[in-house]
Amino acid sequence: MAEKKSLGKEFTKGLVAENPVLRLVLGTCPTLAVSTSVSSAIGMGLAATIVLICSNIVISALRKVIPSKVRIPAYIVVIASFVTIIQLIVKAFVPALDSALGVYLPLIVVNCIILGRAEAFASKNAVLASAVDGLGMGVGFTAALFLMATVREVLGAGTFMVGINDLLSVFSDTTFNGFTIPFLSENPMIIFVLAPGGFFVFGIMIALSNMLAEKKGKKRAELRGCEACPMASTCSMNGSCEEKDKEVSE
Amino acid sequence: MKKLTVSASPHAHSSETTTGIMLDVIISLLPAAIVSVFYFGLHAFAVLATSIVSCVLFEYISRKIMKRSNTVGDLSAVVTGIILAFNLPSTLPLWMVVIGSFIAIVIVKQMFGGIGQNFVNPAITARIILMSSFPLAMSTWTQPLVTRTGEAVTTASPLASLAGITKEADMVLALENANLPSLKDMFLGLRPGSMGEVCAAALLIGFVYLLIRRVISPIIPLTFIGTVAVFMLIAGKGNLEFVVYQLLSGGLLLGAIFMATDYTTSPINKKGKIIFGIGCGLITSVIRVFGLLPEGVSFSIILMNILVPHIENLTTPKPFGSVKEKKSKEGTAA
């Protein structure tokens, strides 16, 4: 990242323009698996956001110490420690969420959004900017999960936010536990909570977000650099591939 | 002196139009439509009408929204509507029919570019999505002619009973004990099932009409049904009654005649058509005999639809007089 962006821009780019799920198509596995209910989607989003912010801060702070040859194992160790912390906290305070997320909670360790941001952003930017970037990406991830889960839960089960009480009761003693939608809950379209429905909703949402981003004047191929590259987390070329691409096309 | 003007080729035109072909398909579907309304009563008519009207409406609206030329006039949406209704039980709530039309026309057909561009059959995809969304409503069958008096009697479809029989050791005995409709009833359609699939006689009339009008080639239906027959002959250890039962039950005839032959989603040349038909037949039989579901016609057609581009690649005919290309290999080596 040669040019300096304002912190506000670092935050907002994660929401729509470079939304990790819908624009960069990262983190697909947890997205499809967890978005069957809104409450577990929110839980997953929050957990991933916290890990993302913390790991971005630590990796950014250590960026001059970590030797580049072993940086991926180093990132993984940092991320894994935060995931373990989050997992223990969730197990202790929201056991219902822990059983709802199942294996996908520990799997945040290898979530490519987090690894991707560590490699593409935190390892090259200052601490504050990395924290804001992590927050933006995390909110973008949570928002995408929330939207997908809303469609899937409302159409597939006829309910909205059922089970949210497990999450809310940690902070306050409300009894709010979601809505049951009268007609849909009697005739749910089961396919939406199954895998094919997940792919349908995912595809349509990617199409819509592409349309939104294109309407803002950005062409589809406008995303450049390592953030736009799904291989960024495992790539060691640090952007030099772009010049090669140019040579080939010219 | 008059100028001699020659238009660009082709110079020989056929009078065939999309609308004409679709009209022929509609005519061939009419016998089965009439029979299903006669058998299943007013609600069947309501399902049929809802399906057609909503398909045409969705086609019109989506073309309008996408700012494309309107193709309602080519009647393809009407055909999709009729075939979709044929795939549904007559007791299905009408709003589910509308969802089915939406999936068929908007998602499968128009989102991929409209007529001629869809890569799977719209009606079948809609049926499969409805089937996995509302499994109970989609497998509630009623006995024909009984529902007309107003009281619906739900029964298992003959195919569901047959699925159990294939797993029994003494099949002849099981066939007699299973309390299945007689073969004559199966042929006339006096058995529970989806609206359009029950009456084999009406479907065959439509088949003959399509063949006479040369709208479809007989290759796909014949290889499809033939493969199922051979497979069932082996699975049924040579029991002919079992084979005929398998051919008349479920949506095999409807699928083989009207859905597997869809121009857009079936191979162009003869060899491809044969591969396509055999593939459909094999998948159908395997699902029927070994699978959890009693019926596999819709899945077999959708799976083969997806394979069509590859079948076309394999069966592209060689141009007359062409020699195997050796230059390209040398070129890459050098």
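Cut-offs and rules
- Residue positions within a chain follow its written sequence, with the count starting from 1.
- Chains carry letters from A onward and ligands carry numbers from 1 onward, assigned in written order.
- Since the coordinates come from a predicted model, pLDDT governs what is reported: local features require at least 70, and pairs of side-chain atoms require 80 or more to be given and counted, while whole-chain, interface and lining totals use all residues.
- Comment: elements are numbered from the N terminus, with helices defined as DSSP H or I runs of at least four residues and strands as E runs of at least two.
- Remark: C-beta atoms are placed from the backbone, and a residue is labelled buried if 20 or more other C-beta atoms sit within 10 Å of its own, exposed if 12 or fewer do, or partly exposed between those counts.
- Two residues qualify as being in contact provided that their C-beta atoms, derived from the backbone, are within 7 Å of each other.
- Note on geometry: axes are lines fitted to C-alpha atoms, helical ones only across the stretch in contact, with angles between N-to-C directions running from 0 to 180 degrees.
- Roughly parallel means an angle under 35 degrees; roughly antiparallel, over 145; roughly perpendicular, 65 to 115; everything else is oblique.
- Think of it as three bins: nonpolar holds Ala, Val, Leu, Ile, Met, Phe, Trp, Tyr, Cys and Pro, charged holds Asp, Glu, Lys and Arg, and polar takes everything else, Gly as well.
- In this scheme, a crossing is called left-handed if the near helix is turned counterclockwise away from the far one by less than a right angle; it is called right-handed if the turn is clockwise.
- Expected helix span is given by 1.5 Å per residue-to-residue step, counting one fewer step than there are residues.
- A residue's pLDDT is the confidence the predictor assigns to it, expressed on a 0 to 100 scale.

Draft legend 1. Examining the overall build of chain B more closely. Helix and strand counts for chain B come out as 16 helices and two strands. Residues classed as buried in chain B amount to 45% of the 334 residues present. Considering only contacts within chain B whose residues lie at least 6 apart along the sequence, 73% involve residues at least 24 apart.

Draft legend 2. Region of the structure containing the overall build of chain A. When its secondary structure is counted, chain A shows 11 helices and two strands. In sequence order, chain A lays out its α and β elements as α-α-α-α-α-α-α-β-α-β-α-α-α. Here chain A holds 250 residues, and the buried ones make up 39% of them. Within chain A, counting contacts between residues at least 6 apart in sequence, those at least 24 apart form 77% of the total.

Draft legend 3. Layout of the packing of helix α13 (residues 252-259) of chain B against helix α15 (residues 297-315) of chain B. Residues and elements named next belong to chain B. For the pair α13 and α15, the least separation of the axes is 9 Å and the interaxial angle reads 25°. Viewed along their axes, α13 and α15 adopt a mutual orientation that is roughly parallel. Contact with α13, carried on its side by L252, G255 and M259, involves V297, S298 and I301 of α15 and no other residues of that element. Here the residues of the contact of α13 with α15 are counted per class, giving four nonpolar, two polar and no charged.

Draft legend 4. The interface of chain A and chain B, seen in detail. Counting residues at the interface gives five residues for chain A and five residues for chain B. Here the residues of the side of chain A that touches chain B sort into four nonpolar, one polar and no charged.

Draft legend 5. Spotlight on the environment of B:P294. The topology assignment puts B:P294 in the loop between α14 (270-290) and α15. For the pair formed by B:P294 and B:T17, sequence separation is 277 residues and the distance between their alpha carbons is 39 Å.

Draft legend 6. Structural detail: the packing of helix α11 (residues 219-235) of chain B against α14(B). Residue and element names in this part refer to chain B. It is the contact of α11 with α14, at a shortest axis distance of 7 Å, that shows an interaxial angle of 35°. Along this stretch, α11 crosses α14, giving a crossing that reads as right-handed. Residue-level inspection shows I219, I220, T223, F224, G226, T227, V228, F231, M232 and A235 of α11 in contact with α14, the latter providing K270, K273, I274, F276, G277, I278, C280, G281, L282, T284, S285 and V289. The residue inventory of the contact of α11 with α14, partitioned by class, reads 13 nonpolar, seven polar and two charged.

Draft legend 7. Representation of unusual backbone geometry. Of note, A:M161 is a non-glycine position whose phi angle comes to about 65°, a positive value. Tracing the sequence through the fold places A:M161 in the loop between β1 (159-160) and α8 (164-168). Of note, the phi angle at B:L75 is positive, near 70°, even though the residue is not glycine. Within the secondary structure, B:L75 sits in the loop between α2 (42-65) and α3 (76-86).

Draft legend 8. Fine view of α11(B). Residues and elements named next belong to chain B. In a regular helix each residue adds 1.5 Å, so 17 residues correspond to 24 Å; α11 covers 24 Å between its end C-alpha atoms and thus fits that length. Those residues of α11 not exposed but buried are I220, P221, T223, F224, I225, T227, V228 and M232. Looking at the buried side of α11, the elements it contacts are α10 (200-212), α12 (240-248), α13 and α14. Where α11 terminates, the next one or two residues include K237, which has phi positive at roughly 50°.

Draft legend 9. Main features of helix α3 (residues 38-61) of chain A. With 24 residues, α3(A) extends 34 Å between its outermost C-alpha atoms, agreeing within 8% with the 34 Å of an ideal straight helix rising 1.5 Å per residue. Most of α3(A) is tucked away: 19 of the 24 residues are buried.

Draft legend 10. Seen up close, the confidence of the model for chain B. Residues and elements named next belong to chain B. For chain B, mean pLDDT is 84; residues scoring 70 or higher make up 86% of the total. Scored below 50 in pLDDT, residues 147-152 shows eight contacts in the model against residues more than four places distant or in partner chains. Contacts of residues 329-334 to residues separated by more than four positions or lying in other chains number zero contacts, the stretch itself having pLDDT below 50. For this predicted complex, the interface confidence reaches an ipTM of 0.70, while the overall pTM sits at 0.79.

Draft legend 11. Summary view of the environment of B:I99. One can find B:I99 in helix α4 (residues 94-109). When the C-alpha positions of B:I99 and B:E59 are compared, they lie 14 Å apart, and in sequence the two are 40 residues distant.

Draft legend 12. Highlighting the environment of A:S81. Relative to the elements of secondary structure, A:S81 occurs in helix α4 (residues 71-93). Taking the C-alpha atoms as reference, A:S81 lies 20 Å from A:L97; in sequence the two are 16 residues apart.

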